[in-house]
Every structure is written in C-alpha cells, then in structure tokens.
Amino acid sequence: MATFFQRVVQLLGVGSVGRTRTEGTPTSSNRASSFHLAWEVPPEALTKVEATFEVITPPTVPKLYFWALQVSFIAEGGRRVGGAHLGLQHHPDYPYSGAVNWGGYRDAGGELEGTTSALPSALNNINTRTYQWHANRAYRLRVEPSPDTAGAWRGSITDLATGTETVVRDLLVGA
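Analysis parameters
Residues numbered from 1 in each chain as written. Predicted model: local features only at pLDDT ≥ 70, side-chain atom pairs only at ≥ 80, totals over all residues. Heavy atoms only, no water. Salt bridge = Lys/Arg side-chain N within 4 Å of Asp/Glu carboxyl O. Helix = DSSP H or I, 4+ residues; strand = E, 2+ residues; numbered from the N terminus. Buried < 20%, exposed > 50% of the residue type's maximum accessible area, 1.4 Å probe, protein only. Core = buried A, V, L, I, M, F, W, Y, C linked by side-chain atoms within 4.5 Å. Contact = heavy atoms within 4.5 Å. Phe/Tyr/Trp six-rings, centres within 6.5 Å; stacked < 30°, edge-to-face > 60°.

Examining the pattern of salt bridges
Considering all chains together, one arrives at 5 salt bridges under this definition. The residue Asp159 makes a salt bridge to Arg137 at a minimum N-O spacing of 2.8 Å. Pair noted here: Asp159 is in strand 8 (residues 152–159) and Arg137 is in the loop between strand 6 (128–130) and strand 7 (138–145), with a separation of 22 residues, a long-range link. The exposure class of Asp159 is buried, given its relative accessible area of 6%. Among the residues examined, Arg137 registers a relative accessible area of 25% and is labelled partly exposed. A salt bridge links Arg154 to Asp148; the shortest N-O distance between them is 2.7 Å. When its relative accessible area of 13% is taken as the criterion, Arg154 is described as buried.

And the structure:
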C-alpha cells in the first residue's frame, strides 16, 4: 500500500515515486521547488474556493518560494480546459521580497489571458504583482466567478489582520 506522500506524488504526476528528486537545485525554469498537498473533493462543480494560511517562518535566502491555492477549470460536459494558481510569493526581485501571483494555463497549451491588475509589478509580469505580505499574519486566498466579466474567474487575497481584500485580477477562462 502506498504511503500518503507516494499517493500525492502519483495523483499530481510530479514524477515516479522511485525517481522523485530529493536534493539539489530544482530543475524548473524558475528554479522553484514544489511540494503539493492535495484534497480529493467530490466530483461536483464548485463556484468558489478559498483557503486561509499563514507563513510562520519566512524564507531567509534570496530564492523564490510560492504558497498557492491551485484550481482546475472544467467546461460544460466535464472537460478540463485549464488550471491556475493564486498565492503569495517570497520573490527576491520584488520590494520586501513580497509578491502575489494569479496565473494559469490552458490545457491546450499556453497561458490563460487575464485582465490587467491594478497592482504594480516590479518585473512587469502580468501574473506576478508586487504585494507586501507579512509573516505571522493570516491571509485568505479566494477564487470565484468575476462579478464584472462573464466566464472569468477572480483571484483575490484578504489580509485577515486588517480585513483588506485585494483583487489580483480576473482570468479569462470561459468555463
């Protein structure tokens, strides 16, 4: 019987259990290391998902760290059309190493289009925006249908210490 970690690796397709990278520099294009925690939910259409989390100990090295809520987009008929991730980043190229990202990919290939964020971006990245977050503070990540654009999904983050909700942007999915 597979261990929980082996099952997560199998479900997410992050490599064969016997060949999983356990040390060394990550081989992804942005050199970010990934570990996924997955929940298997009943197969029903969800119209809003959210997660609350808190970074207790922030990274101490100038490397990219990303804590995210990942979602899949399903069209009528049950066909997956894309996926996206909303989350905070510890990014050394942003002021105070603080950023938020809301971006994703079409299953057919390529990035999902989206609206222009009101947040600035230190690197002019359409998906990754400057956002000063704080350790030891809870944040709620939320993905829900956009109230402004049909077929679009809004990514927002709420600082639970201040109650301030920040819309990152809307992704144009059509699902």
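From this point on, the discussion continues.
Quick look at the nonpolar core
With 24 residues, the main nonpolar core has Phe73, Leu88 and Trp102 as its most contacted residues. Elements that contribute at least two residues to this core include exactly strand 2 (65–74), strand 3 (80–90), strand 4 (98–106), strand 7, strand 8 and strand 9 (164–172). Each residue touching Phe73, except ones within four places of it in the same chain, is listed here: Arg79, Arg80, Val81, Gly82, Gly83, Ala84, Trp102, Leu112, Trp153, Val173 and Ala175.

Let's talk about the environment of Ala45
One can find Ala45 in the loop between helix 1 (4–12) and strand 1 (49–54). Residues Ala45 and Phe73, spaced 28 residues apart in sequence, show a C-alpha to C-alpha distance of 9.5 Å.

Here's the deal with the packing of aromatic side chains
The description of an aromatic ring pair rests on the distance of the ring centres and on the angle between the ring planes. Overall, the coordinates contain 4 aromatic pairs when judged by the stated rule. Each ring, one from Phe73 and one from Trp153, has its centre 5.8 Å from the other, and the planes form 40°; the classification is tilted. Note that Phe73 is positioned in strand 2 and Trp153 in strand 8, a separation of 80 residues in sequence. Residue class for Phe73 comes out buried when judged on its relative accessible area of 4%. Since its relative accessible area comes to 13%, Trp153 is described here as buried. Relative to Tyr139, the ring of Tyr131 lies with its centre 6.3 Å away and its plane at 75°, an arrangement referred to as edge-to-face. Both residues of the pair, Tyr131 and Tyr139, belong to the buried class. Each member of the aromatic cluster is reached from another via a ring pair, and the members are Tyr65, Trp67 and Trp133.

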